Amino acid sequence: MAKEEWDIPEHLQPDPAEWSFDLDAALGAVVTLRSQVPADAFTARALGTEREGSGVVIRDNLVLTIGYLVTESESIWITAPDGRAVPGHALAVDQETGFGLVQALGRLGVAPLDLGDSEGLRIGAPVILAAAGGRAHAVSGKLVARQPFAGYWEYLLEDALFTAPAHPSWGGAGLIGPDGKLLGIGSLILQQGEEGRRLDLNMVVPVHRLSPIMDDLLAYGRVNRPARPWLGLYATEDEEGVAIASLAPGGPAENGGVRSGDRVLAVEGVAVTDLAEMWRAVWGAGDAGATVRLKLGRARGSRDVSIVSGDRTAFLKHPRLH
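All chains use their own residue numbering, which begins from 1 and follows the written sequence. Note on the predicted model: pLDDT of at least 70 is required for a residue's local features to be given, and 80 or more for side-chain atom pairs to be given and counted; whole-chain, interface and lining totals, by contrast, use all residues. Each side-chain value is worked out from all heavy atoms of the structure, with water and hydrogens disregarded.

(A) Inspection of the pattern of salt bridges at higher detail. Should a side-chain nitrogen of Lys or Arg be within 4 Å of a carboxyl oxygen of Asp or Glu, the pair is scored as a salt bridge. This structure, assessed with the given rule, holds 14 salt bridges. The salt bridge involving Arg280 is made with Glu158; its shortest N-O contact spans 3.0 Å. Here Arg280 is found in helix 5 (residues 275-283), whereas its partner Glu158 is found in strand 9 (residues 155-164), with 122 residues between them in sequence. For Arg280, a relative accessible area of 38% corresponds to the partly exposed category. Under the scheme used here, helices are H or I runs from DSSP no shorter than 4 residues and strands are E runs no shorter than 2 residues, and both carry numbers assigned from the N terminus. Under the scheme applied here, a residue whose accessible area is under 20% of the maximum for its type counts as buried, over 50% as exposed, and between as partly exposed, the area being computed with a 1.4 Å probe on protein chains only.

Have a look at this one:
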């Protein structure tokens, strides 16, 4: 998309006079990421083979982004604010938080943005969600909620940040706080309310989730502990509970007899009524490789299945170097 096609309206852009830090310097830490993923990659069908978004330089030549932009990438290009492009390497992707780290393989010449106190951010606090491109690609808004977020792809973030108004290019965008420090990385856009009274929000992964795992990600490319059990299913939540929308081809759930349209009534003997309960129950069964027992329902009744869980990363293509 051409730059002029999605510039943020001026009344939503941050005004330097309203912020106590050097706004342009902070926005200058946000860079563009473009990745190419092989057509036979596990995530290619869902996420595409050409992905573009943003990232934030947090150390010399180290970019923090959202993991889905660079998962299974075979090439990455990082474009600095001055237009220079350098190749990058997908250093790490953390499946639990959703963060990704990219190492620039050349000098970016971009001043890093310090990490801030995302745990201390309060509802109503002024924030900026910035994609690469300076003020024209930044939205001035507020933190409107912080609460758990459960994703259909076996994902649960217990303390997600939600901001409004929503940014149209949220993937990997940097959430900048009142002190000019980085508070989170943009992940999703969500719609709240009904048509006519709808509020669009961005879900942001807070940076306090990064600090405890940073050393592991730099050293190993993942957190150095056993992986959570992964079933390879995509679930939806409605008034009646949890239903299976689709399955990862060749994944543990498909191999274990789960079918699209099944309703999940219980996990390990515990009734589940929403996605958050379901993922907590699955992960409570042990580490990847543990057998997870599901009670599934259909119109004709219910049945029990036992699924030998897997490690999600074992299904993904890995970088050629670390």
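Having seen it, we continue.
(B) Quick look at the sheet that holds strand 1 (residues 30-36). DSSP-based pairing: two strands are paired if at least 2 bridges between them are found. Strands sit in the order 1-2-3-6-5-4 around a closed barrel of six strands; the barrel is antiparallel. Averaged over all pairs of adjacent strands, the angle between their axes in this sheet comes to 40°, without regard to strand direction. Both strand 3 (residues 62-66) and strand 6 (residues 99-104) contribute to a ladder of five bridges, which runs antiparallel. Paired with Leu64 across the bridge in strand 6 is Leu101. Think of each axis as a best-fit line through the C-alpha atoms, taken over the contacting stretch in the case of a helix, with angles from 0 to 180 degrees between the N-to-C directions.

(C) Highlighting unusual backbone geometry. Backbone torsion omega between Ala164 and Pro165 reads -5°, so that peptide bond is classified as cis. On the secondary structure map, Pro165 appears in the loop between strand 9 and strand 10 (174-176). A positive phi is found at Glu72, a non-glycine position, where the angle reads about 65°. Topologically, Glu72 is positioned in the loop between strand 3 and strand 4 (75-79). Despite not being glycine, Glu268 shows a phi value in the positive range, around 55°. By the element assignment, Glu268 lies in the loop between strand 15 (263-267) and strand 16 (270-271). Judged by its relative accessible area of 27%, Glu268 is partly exposed.

(D) The environment of Val292, seen in detail. In this fold, Val292 is placed in strand 17 (residues 291-298). Each C-alpha atom of the pair Val292 and Ile307 lies 5.2 Å from the other, and the pair is 15 residues apart in sequence. Leaving out residues up to four positions away in the same chain, Val292 has contacts with Pro229, Leu231, Val267, Glu268, Val282, Ala285, Val305, Ser306, Ile307 and Ser309. Contacts are assigned to residue pairs that have any heavy atoms within 4.5 Å of one another.

(E) Just the layout of surface pockets, in detail. A volume near 790 Å³ is recorded for the largest pocket. Looking at the lining of the largest pocket, the elements with two or more residues in it are helix 2 (44-47), strand 11 (182-192), strand 13 (233-238) and strand 14 (241-247). In terms of residue count, the dominant contributor to the lining of the largest pocket is helix 2 (three residues). Grouping the constituent residues of the lining of the largest pocket by class yields 19 nonpolar, nine polar and four charged. Buriedness of a pocket was judged along seven lines, with at least five required to meet protein on both sides within 12 Å; pockets are open sets of points on a 1 Å grid over the protein atoms alone, cavities are sets where a 1.4 Å probe fits but cannot get out, and lining residues have an atom within 4 Å of a point. Grid points are joined across faces, edges and corners, and a volume is the space filled by probe spheres set on the points. Here the nonpolar group is Ala, Val, Leu, Ile, Met, Phe, Trp, Tyr, Cys and Pro; Asp, Glu, Lys and Arg are the charged ones; every other residue, Gly included, is treated as polar.

(F) Representation of the side chain of His137 in the model. Structurally, the position occupied by His137 is in the loop between strand 7 (126-130) and strand 8 (138-151). Reaching out from His137, the side chain makes a polar contact with the backbone oxygen of Ala132 at a distance of 2.7 Å. Polar contacts, as used here, are pairs of N or O atoms within 3.5 Å; protein pairs need one atom able to donate a hydrogen and one able to accept it. Residues neighboring in sequence count only if both atoms are side-chain atoms.

(G) Seen up close, the side chain of His167. Structurally, His167 can be placed in the loop between strand 9 and strand 10. The class of His167 is buried, set by a relative accessible area of 0%. Of note is the side chain of His167, whose polar atom sits 2.7 Å from the backbone oxygen of His137. Here Ser169 takes part through its backbone nitrogen, which lies 3.0 Å from a polar atom of the side chain of His167. Not counting the four nearest positions on each side in its chain, His167 is found in contact with Trp6, Ile8, Leu129, Ala130, Ala131, His137, Ala138, Val139, Ile189 and Asn202.

(H) Summary view of the nonpolar core. For the purposes of this section, nonpolar cores are sets of buried Ala, Val, Leu, Ile, Met, Phe, Trp, Tyr and Cys residues that join through side-chain atoms within 4.5 Å. In this structure, Ile58, Leu64, Ile78, Leu101, Ile128 and Met203 are the most contacted members of the largest nonpolar core, which totals 57 residues. The residues touching Ile128, leaving out its near neighbours within four places in the chain, are Pro14, Trp19, Phe21, Leu23, Leu27, Ala138, Val139, Gly174, Leu175 and Ile176. Counting residues in hydrophobic clusters, the runner-up holds 24 residues, among them Ala235, Val267, Leu275 and Val292.

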